[in-house]
Amino acid sequence: MNVLVANLGSTSFKYRLFDMSEAGASMLTSGGFERVSDYTACIEKMLEDLVAEGHLGSADELDAVGFKTVLGKDLTGCVDADDRVLDALEGFKEVAPAHNPAYAEGIRCFQQRCPGVRRVALFETAFYQWVEAAAANYAIPSAWRDLGIRRYGFHGASHKFIAERTAELMEREDVAERVRQLYVQGPGDFNGAPLRVISCHLGGSSSVTGIHNGLAIGTSMGFSPQSGLPQNNRVGDLDAMAIPYACKMLGITVDEAEAQLTKQSGLLGLSGVSNDARDIRDAALAGNADAQLANDALIDSIRHWAGSFFFKMGGAEVISFTAGIGENDATLRAAVCANLQELGVIIDPAANAAVRGGKEGVISAANSRIKVVVIPANEELVIAREVFRHVAVGDALS
Ligand code: ADP
């Protein structure tokens with residue numbers, strides 16, 4: 001079965017074509033466009049290229065297209081990308097303005113261009129469907145909650161992949177299989193020994209998720225991807241009262257405050273240097289105190305959330321790092337895990353320094369009770385796998 005993964009960023013369009021089977025995935029080709037304003041034109045060009053390069057006889061030979069949709073109103077999971085999905089994206093376009101309209105356009109384009117090709121949406125919120133109400137709700141009036149304001153959580157595809165991969169690395173096939181079947185069969189009952197994972201996705205956008213026996217129990221991101229850890233240029237957690245206070249004192253509107261919190265905050269806002277963790281680290285090493293503060297605030301926030309999940313799960317067997325910063329910045333990983341010997345975390349400095357550049361590896365010492373691992377993120381592959389599972393199950397039922 002061939003599966004095309006369409007990744008519609010706020011300014012880019014990337015795609016990968018996979019050949020999927022029960023035995024695994026192989027990537028047939030990939031490509032993309034930068035500084036995109038017209039997704040429909042990009043999709044047309046991509047389909048032309050796929051045919052011209054001989055990957056497809058025509059666009060209709062695609063078996064399925066997968067979309068990494070972000071946030072839907074009253075809808076989540078891995079589902080057919082039909083009108084229900086379009087309505088759900090429309091319903092929350094104010095909360096995810098950079099993503100929802102782009103995905104809606106992409107889905108509509110495939111709907112018109114090749115209506116016979118199966119379209120599947122994997123929501124970034126899907127992994128958090130089973131988080132308990134006590135952890136998912138904000139303490140706000142019911143009229144606010146009725147609007148759908150609650151903790152959703154994001155990076156679901158990435159954290160779910162970590163749930164599956166850590167279970168494989170820990171030789172816990174029972175948990176790995178539970179994770180594989182999660183979106184097609186639901187969680188079911190689980191009676192095995194506990195497997196508790198603290199998953200740190202640290203990239204341009206970052207989050208920490210607690211995973212108990214393959215299920216997310218909560219995550220650092222809440223209602224929107226602006227929450228949780230300080231992000232590249234987005235604020236992360238902020239006391240709600242700061243917004244009306246800043247609006248009054250600075251004489252700015254709510255829209256201006258939103259623009260500042262979503263574009264000029266986070267690591268960029270704190271450091272005043274860049275939204276890129278490498279530039280910030282270099283500036284900090286050169287003595288820039290604000291850059292040092294940004295770096296330290298990121299580490300502090302990761303520890304804050306990791307500590308929260310450690311406490312809620314009553315311990316952990318695995319701490320995992322993924323994405324650009326998590327996969328490459330050994331100094332940051334060591335700082336996140338510093339002084340945790342009493343909790344059972346001991347990093348092996350040589351092993352830690354050796355894992356970077358998209359490599360998988362264990363970075364904890366042999367006598368560390370908790371295993372600390374680095375696992376490369378591969379979002380497109382994750383989406384292709386979920387789409388394959390979704391379509392294969394649907395076909396098996398029909
Ligand atoms: P996105 O969320 O945009 O997909 P990535 O997962 O690619 O982001 O992560 C991007 C972040 O990773 C950037 O802040 C970048 O500086 C950081 N990064 C990439 N390589 C390194 C490195 N060698 N050391 C530290 N940070 C790195």
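Our structure is the block above this text.
The structure displayed is predicted, hence computed values, not measured ones.

The rules behind each value
Residues numbered from 1 in each chain as written. Predicted model: local features only at pLDDT ≥ 70, side-chain atom pairs only at ≥ 80, totals over all residues. Heavy atoms only, no water. Near = heavy atom within 4 Å. Polar contact = N/O pair within 3.5 Å; in protein donor to acceptor, adjacent residues only side chain to side chain. Areas by Shrake-Rupley, 256 points an atom, 1.4 Å probe, with all protein chains shown as cover. Helix = DSSP H or I, 4+ residues; strand = E, 2+ residues; numbered from the N terminus. Pairing = 2+ DSSP bridges. Core = buried A, V, L, I, M, F, W, Y, C linked by side-chain atoms within 4.5 Å. Buried < 20%, exposed > 50% of the residue type's maximum accessible area, 1.4 Å probe, protein only. Contact = heavy atoms within 4.5 Å. Disulfide = S-S within 2.5 Å. Expected span 1.5 Å × (residues − 1).

(A) How the structure looks around the site of the ligand. Every residue close to the ligand is listed here: Gly-203, Gly-204, Ser-205, Asp-276, Ala-277, Arg-278, Arg-281, Ala-323, Gly-324, Ile-325, Asn-328 and Asp-329. The separation between a nitrogen atom of the ligand and a polar side-chain atom of Arg-281 is 3.3 Å. Gly-324 has a polar backbone atom sitting 2.9 Å from an oxygen atom of the ligand. Its free accessible area being 570 Å², the ligand has 65% of it covered by the protein chains. Among the elements of the structure, helix H11 (277–285) and helix H13 (323–328) are those that each provide at least two residues to the shell around the ligand. In terms of residue count, the dominant contributor to the shell around the ligand is H13 (four residues).

(B) Molecular detail of the pairing of strand S12 (residues 371–374). As paired strands, strand S10 (residues 318–322) and S12 are joined by four bridges and run parallel to one another. Pairing of Ile-319 across the sheet is with Val-372, part of S12. Here strand S11 (residues 361–362) runs beside S12; their pairing, made up of two bridges, is antiparallel. When the bridges of S12 are listed, Gly-361 appears paired with Val-374.

(C) Highlighting the sheet that holds S11. One open sheet holds the six strands; their spatial order is S9-S8-S7-S10-S12-S11, and the pairing between them is mixed. Every interior strand has two partners, whereas the edge strands, strand S9 (215–219) and S11, have only one. With seven bridges connecting them, strand S7 (residues 196–202) and strand S8 (residues 206–212) associate as antiparallel partners. When the sheet's bridge partners are listed, Arg-196 is paired in S8 with His-212.

(D) Expanded view of the nonpolar core. Counting 39 residues, the largest nonpolar core has Val-3, Leu-122, Phe-127, Tyr-183 and Val-387 as its most contacted members. Counting only elements with at least two residues in this core, the list comes to strand S1 (2–8), strand S2 (13–21), strand S6 (118–122), helix H6 (156–169), helix H7 (173–185), S9 and helix H16 (379–397). If you tally residues by element for this core, the top one is H16, at seven residues. Those residues in contact with Phe-127 that sit more than four places away from it in its chain are Gly-156, His-159, Lys-160, Ala-163, Leu-182, Tyr-183, Thr-209, Ile-211, Gly-214, Leu-215 and Ala-216. Among the nonpolar cores identified, the runner-up in size contains 35 residues, and Leu-17, Leu-56, Ala-59 and Cys-114 belong to it.

(E) Structural context of the environment of Asp-239. Summarising the element assignment, Asp-239 is placed in the loop between S9 and helix H8 (242–250). Looking at Asp-239, its side chain comes within polar contact range of the main-chain nitrogen of Met-241, at 2.8 Å.

(F) Fine view of unusual backbone geometry. Residues other than glycine seldom take positive phi values, yet Asp-74 does so here, at roughly 60°. By secondary structure assignment, the location of Asp-74 is in the loop between strand S4 (64–67) and strand S5 (78–80). Here Asp-74 falls in the exposed class, since its relative accessible area comes to 73%.

(G) Structural view of the state of the cysteines. Summed over the entire model, instances satisfying the criterion amount to zero disulfides. No disulfide involves Cys-78; its sulfur sits 18 Å from that of Cys-114, the nearest cysteine. What makes Cys-78 buried here is its relative accessible area of 8%. Here Cys-337 stays free of any disulfide, with the sulfur of Cys-200 as its closest cysteine sulfur at 7.4 Å. Classification of Cys-337 as buried rests on a relative accessible area of 4%.

(H) Up close: H6. With 14 residues, H6 extends 20 Å between its outermost C-alpha atoms, agreeing within 8% with the 20 Å of an ideal straight helix rising 1.5 Å per residue. Most of H6 is tucked away, with eleven of its 14 residues classed as buried. All of the buried residues along H6 are Gly-156, Ala-157, Ser-158, His-159, Lys-160, Phe-161, Ile-162, Ala-163, Glu-164, Thr-166 and Ala-167. One or two residues past the end of H6 sits Glu-171, with phi positive at roughly 55°.

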